[in-house]
Number of protein chains: 2
Amino acid sequence: MPQSPDFTDPRPGQVPLLMAVAYRTMTDRFHARLADLGREPLRPAHGYTFRYLASNQQATTVTLAAHLGVTKQAASKTVAELEGWGYLERRPHASDKRAQVLALTPRGHDYLKLADRLWAEVEKELAEVIGAERLAALDHDLRAYITAIHEDQAVPLRPVW
Amino acid sequence: MPQSPDFTDPRPGQVPLLMAVAYRTMTDRFHARLADLGREPLRPAHGYTFRYLASNQQATTVTLAAHLGVTKQAASKTVAELEGWGYLERRPHASDKRAQVLALTPRGHDYLKLADRLWAEVEKELAEVIGAERLAALDHDLRAYITAIHEDQAVPLRPVW
DNA sequence: TGTTATGGTCAACCTCATTGACTACTTCAC
DNA sequence: GTGAAGTAGTCAATGAGGTTGACCATAACA
């Protein structure tokens, strides 16, 4: 049974740790909800793939790899996996015979809608603890920090561990 | 080059993603500082190990494993690695001939002090963007959420990906 | 029209975790 | 006491999820 970090420690520099723990807590809540519904345990990387494909009609394995911040080989494995599970399909590219356009299947779109709902529920739990105003402030502050540090640049999507 | 998630998306449920990206951003800043100082690229798990040993004079591999939320085999590898780098040492346990008490070396204590300083610097960058008041609110809110969800229970230390 | 760049795949490997089996020692019930 | 069950730690095999490198087919360009 894992023990807790010392949350009464007044040392500065605790916020990064708190953020990691809070994020892990939220993903656990999300996956618990998925499991309650009897769904496969798809991970955040899958969700980001779905979201990218939904908002990008011309997605290919290479552009997905860039979006996820992994190599095209790694992205290719993810694509093959999700295709095998029926969440996405590959279509021939209109003008480039090498390329394949990636598209969500109806099942993929359904999953995305479900995921949106579940994440919103998890966020709501947070709002119930800290209040809606503080949640809005949190949303605003995190965006401000991320854009301030990265400016116009690309943002890595995955935590480093 | 990874692309950014759409930070203008008003959909609810974005806070978990923002948290993941913010945490990743902060760890990147931390590691950049470490690299500037020419230090080995120790990962968060190493830092949590140091912190645990510093606050726990009777730590063993098994209790460390519980703290980190991994198997004892995984903890054992981490211990061997950190011992090889001279950050910690194993001492015989006073009353249990099977067990080894883990303790930081002076080099380990030095690293911990350095890490504290660097994390505080990273946190300060966040404070410079959102202000000291908002940082304090963030600290407070994250703690409130974590303790509300986990109550007295153990908290998993690592993000799931 | 040849040279260079790009989309995608295959294969080998690395890191960091896992499960399972095992030894040595400890603890507990009787 | 002593035998049974539990615990600290290690070794070995395996798996998930990434990497690098080599390669083919097609595109883009000088």
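Parameters and conventions
- Residues numbered from 1 in each chain as written.
- Chains lettered and ligands numbered in written order.
- Predicted model: local features only at pLDDT ≥ 70, side-chain atom pairs only at ≥ 80, totals over all residues.
- Helix = DSSP H or I, 4+ residues; strand = E, 2+ residues; numbered from the N terminus.
- Buried ≥ 20, exposed ≤ 12 C-beta atoms within 10 Å, placed from the backbone.
- Contact = placed C-beta atoms within 7 Å.
- UniProt positions renumbered as here; feature names shortened; annotations may be inferred.
- Least-squares fit on C-alpha atoms with pLDDT ≥ 70 in both.
- Near = placed C-beta within 6 Å.
- Nonpolar A, V, L, I, M, F, W, Y, C, P; charged D, E, K, R; others polar.
- Expected span 1.5 Å × (residues − 1).

For chain A, the name recorded in an unreviewed UniProt entry is MarR family winged helix-turn-helix transcriptional regulator, with Catenulispora subtropica as its organism.

Undergrad: Quick question: what am I supposed to make of the overall build of chain A here?
TA: Regarding its fold elements, chain A presents 6 helices and 2 strands. In chain A, the succession of helices and strands from N to C terminus is α-α-α-α-β-β-α-α. Seen through its principal axes, chain A has C-alpha atoms that stretch 60 × 40 × 35 Å. The burial tally for chain A puts 34% of its 161 residues in the buried class. Residue pairs in contact within chain A that sit at least 24 positions apart in sequence constitute 44% of those at least 6 positions apart.

Undergrad: Quick question: what am I supposed to make of the UniProt feature "domain: HTH marR-type" (unreviewed entry) in chain A here?
TA: Within this numbering scheme, the UniProt entry marks residues 12-147 of chain A as carrying the feature "domain: HTH marR-type" (unreviewed entry). For the annotated span residues 12-147 of chain A, helix accounts for 70% and strand for 7% of the residues, and the straight-line distance between the end C-alpha atoms is 23 Å.

Undergrad: Sorry, what's going on with the relation of the copies chain A and chain B here?
TA: Expressed as a screw transformation, the operator carrying chain A onto chain B has a rotation angle of 180° and an axial translation of 0.0 Å, and the superposed copies differ by an RMSD of 0.1 Å. This pairing of chains is accounted for by a two-fold axis. Most of the interface of chain A is mirrored in chain B: 100% of its interface residues are interface residues there too.

Undergrad: Help me understand the protein's contact with DNA strand C in this model?
TA: Taken together, 18 residues are adjacent to DNA strand C, and Thr 60 and Ala 99 of chain A together with Thr 71, Ala 74 and Lys 97 of chain B come closest. Elements with a contribution of two residues or more to the surface near DNA strand C: α3 (61-68) and α4 (72-84) of chain A together with α4 (72-84) of chain B. Looking at the surface near DNA strand C residue by residue, the class counts come to 5 nonpolar, 8 polar and 5 charged.

Undergrad: Help me understand helix α1 (residues 15-36) of chain B in this model?
TA: Counting along an α-helix, one turn takes 3.6 residues, and residues three or four places apart therefore face a common direction. The end-to-end C-alpha separation of α1 of chain B is 31 Å, in line with the 32 Å expected for 22 residues at 1.5 Å each. In the stretch just after α1 of chain B, Gly 38 of chain B is the one whose phi turns positive, near 70°.

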